[in-house]
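If you want the building blocks of each chain, they are given just below.
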Amino acid sequence: MNEIKIFSPATVANISCGFDVLGLCLDTVGDEMVVRKTNEKKVTITKITGYDLPFETRNNVAGVAALSLVEHLKPNCGFEIEIHKKIKPGSGIGSSAASASGTVFAINELLGKPLSLKELIPFAMKGEELASKALHADNVAPVLLGNFTLIRSYNPLDVIGISAPEELYVTVIHPQVEVKTSEARKVLPKAIDLKKAIAQTGNMGGLISGLFTSNYDLIGRSLHDEFAEPYRASLIPNFNKVKEACLNAGALGSGISGSGPSIFALSKGKDVAKKIGKVMSECFNNTAIDYDIHISKINTNGIKILETN
Ligand code: HSE
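Worth saying up front: this structure is predicted, and the values here are computed from it rather than measured.

Parameters and conventions
- By convention here, each chain's residues receive numbers from 1 onward along its written sequence.
- Selection of residues for local features in this predicted model requires a pLDDT of at least 70, selection of side-chain atom pairs for listing and counting requires 80 or more, and totals for whole chains, interfaces and linings are taken over all residues.
- Excluding hydrogens and water, the side-chain values take into account all heavy atoms of the structure.
- In this description a helix means any DSSP run of H or I spanning at least four residues, a strand means any run of E spanning at least two, and both kinds are numbered starting from the N terminus.
- Our radius of gyration is a C-alpha quantity, and the globule rule it is checked against amounts to 2.2 Å times the number of residues to the power 0.38.
- The buried label applies to any residue whose accessible area, calculated with a 1.4 Å probe on protein chains only, is under 20% of its type's maximum; exposed applies above 50%, and partly exposed to all values in between.
- Whether two residues are in contact is decided by their heavy atoms, any of which lying within 4.5 Å being enough.
- The Shrake-Rupley method, run with a 1.4 Å probe, gives the accessible areas here. Residue values count only the displayed protein chains as cover.
- Positive residues here are Lys and Arg, negative ones are Asp and Glu, while His and the chain termini are left out of the count.
- For the purpose of locating charges, the reference atoms are NZ of Lys, CZ of Arg, CG of Asp and CD of Glu.
- Domain borders in the structure are assigned automatically or taken from a domain database.
- Summed over both partners, the accessible area (1.4 Å probe) lost when two parts come together is defined as the buried area.
- By salt bridge we mean one thing: a side-chain nitrogen of Lys or Arg within 4 Å of a carboxyl oxygen of Asp or Glu.
- Nonpolar residues are Ala, Val, Leu, Ile, Met, Phe, Trp, Tyr, Cys and Pro. Charged residues are Asp, Glu, Lys and Arg, and all others, Gly as well, are polar.
- Proximity criterion: a residue is near a molecule or strand once any of its heavy atoms comes within 4 Å of it.
- Counted as a polar contact is a pair of N or O atoms within 3.5 Å, where, for protein atoms, one must be capable of donating a hydrogen and the other of accepting one, and residues adjacent in sequence contribute only when both atoms are in side chains.
- To get an axis, fit a line to the C-alpha atoms, keeping to the stretch in contact for a helix; angles then go from 0 to 180 degrees between the N-to-C directions.
- Less than a right angle of anticlockwise turn of the near helix away from the far helix marks a crossing as left-handed, whereas a clockwise turn marks it as right-handed.
- Site definitions follow a grid-based scheme: protein atoms alone, a 1 Å grid, a 1.4 Å probe that fits but cannot get out for cavities, and for pockets an open set with protein on both sides within 12 Å along at least five of seven lines, plus lining residues having an atom within 4 Å of a point.
- Grid points are joined across faces, edges and corners, and a volume is the space filled by probe spheres set on the points.

Remarks on the overall build of the protein
- Counting its secondary structure elements, the protein contains 10 helices and 11 strands.
- In summary, the protein has a C-alpha radius of gyration of 19 Å against a globular reference of 19 Å for 309 residues, a match within 12%.
- Taking the principal axes of its C-alpha atoms as reference, the protein extends roughly 55 × 45 × 35 Å.
- Counting across all 309 residues of the protein, residues that qualify as buried make up 56%.
- Considering only contacts within the protein whose residues lie at least 6 apart along the sequence, 74% involve residues at least 24 apart.
- Counting only carbon and sulfur atoms, one obtains 49% of the accessible surface of the protein, whose full area is about 13,100 Å².
- Put simply, the protein has 33 plus and 32 minus side-chain charges, and the middle of one group is 1 Å from the middle of the other.

Structure follows, in structure tokens:
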């Protein structure tokens, strides 16, 4: 195989109660990437469509992730990368994670899969580090593994895959304003009050248990965020209004997707997910802010191979 074309999906990180440790994979929105082997032992970015991003390999999240994997595997070839961005950078649905995970996945496939998907996570994290100045894995893990993922530990890295109940849907509104993860991390407190940590721990255990037992009520009761939402909500236009509208429309819960500005809601069944999409968009009627709505089941596979040559 000399060339591979992939779909690299968007993701929702944190999922309210799992700051930096929980993420889920969407299946209706993502980037496309083409990676091909070259004789010259270099990693180059040859084409970027959709958004204006740096072509210099070391300044591009896909490039940095690719370089770290190539430095580790030392293959006898180089790689050219084409990035067709559909996920706007700074959207809160894992734009940089899709690019970084996409290249490491593609290179690993082109080299005959020397590493497992879990082993690719630290290399994809190098791209996240460039984008957000933090080595978080809660977007790259669900891109690579699909489903929900839990980062049980960062040191050593221990990632657990969690499957989702069959009828679980995600609705996301992406207001077209940019919130940089690096900036959204600056507004967070350096230390967390013990009472808040207790509440967050209980909710995170509740969410995991609800996912494993398909207990939708428990999933809903667990979707609260003590760590980030209280500090980040003001960065996101209409956040409280959207959240309230989602809950009134039957959402199990709603919160900030990653570091925002996207807002997500979980629901049981497609009809409720669509109704939530409608009320989310109504919150932005009569505003000057454009938005996208994504309605998705949980993507159980992560990255999809579209073509190989
Ligand atoms: N856990 C990260 C954060 C996710 O909230 O900063 C960024 O998408």
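Some words on the domain arrangement of the protein
- Looking at the protein, the domain boundaries give domain 1 (3–163 + 299–308) and domain 2 (168–297).
- Look at where the C-alpha atoms of domain 1 and domain 2 centre, and you get two points 23 Å apart.
- If you look at the interface, domain 1 gives 34 residues, while domain 2 gives 40 residues.
- Taking both partners together, domain 1 and domain 2 bury about 2,700 Å²; carbon and sulfur atoms supply 64% of that area.
- Ionic pairing is found between Arg185 and Asp20, a salt bridge with its closest N-O pair at 2.7 Å.
- Only β1 (3–13), β2 (22–38), α3 (117–132) and β5 (148–154) provide two or more residues apiece to the side of domain 1 that touches domain 2.
- Ranked by residue count, the leading element in the side of domain 1 that touches domain 2 is β2, at 7 residues.
- Grouping the constituent residues of the side of domain 1 that touches domain 2 by class yields 18 nonpolar, 12 polar and 4 charged.

Considering the site of the ligand
- Around the ligand, the neighbouring residues are Ala13, Asn14, Phe19, Asp20, His136, Asp138, Asn139, Thr181, Arg185, Arg232, Gly258 and Ser259.
- A distance of 2.5 Å separates a nitrogen atom of the ligand from a polar atom in the side chain of Asp20.
- Side-chain polar atom of Asp138 to a nitrogen atom of the ligand: 2.6 Å apart, as the coordinates give it.
- Here the ligand has 260 Å² of accessible area as a free molecule, and 97% of this is covered by the chains.

Some remarks on the side chain of His136
- By secondary structure assignment, the location of His136 is in the loop between α3 and α4 (140–145).
- Looking at His136, its side chain comes within polar contact range of the side chain of Ser132, at 3.3 Å.
- Excluding anything up to four places from it in sequence, His136 contacts Asp20, Met125, Glu128, Tyr154, Thr181 and Arg185.

Points about the packing of helix α1 (residues 61–73) against α3
- Running from amino to carboxyl end, α1 crosses α3 at an angle of 145°, the nearest separation of the two axes being 8 Å. Viewed along their axes, α1 and α3 form a crossing whose handedness is right-handed. Residues Val61, Val64, Ala65, Ser68, Leu69 and His72 of α1 touch α3, and the partners they reach there are Leu120, Phe123, Ala124, Lys126, Gly127, Leu130 and Ala131.
- Residue composition of the contact of α1 with α3, grouped by class: 9 nonpolar, 3 polar and 1 charged.

Considerations on empty space enclosed by the protein
- Counting across every chain of the model gives 1 cavity of 30 Å³ or more.
- Taken as a whole, the largest cavity holds about 50 Å³ of empty space.
- Lining the largest cavity are Asn14, Ser16, Asp225, Ala228, Glu229, Arg232, Gly255, Ile256 and Gly258.
- Looking at the lining of the largest cavity, the elements that each hand over two or more residues are α8 (229–232) and β8 (253–256).
- Partitioning the lining of the largest cavity into residue classes produces 2 nonpolar, 4 polar and 3 charged.

A word on the pattern of salt bridges
- Scanning the entire structure with this criterion turns up 12 salt bridges.
- Linking Lys297 and Glu166 is a salt bridge whose minimum nitrogen-to-oxygen distance equals 3.2 Å. A residue pair is termed long-range when its members are at least 10 positions apart, and Lys297 in strand β10 (residues 291–297) and Glu166 in the loop between β6 (157–162) and β7 (168–175) qualify at 131 residues.
- On the basis of relative accessibility, which here comes to 28%, the residue Lys297 falls in the partly exposed class.
- Judged by relative accessible area, which is 61%, Glu166 ranks as exposed.
- Lys186 is the salt-bridge partner of Glu183, the closest N and O atoms lying 3.2 Å from each other.

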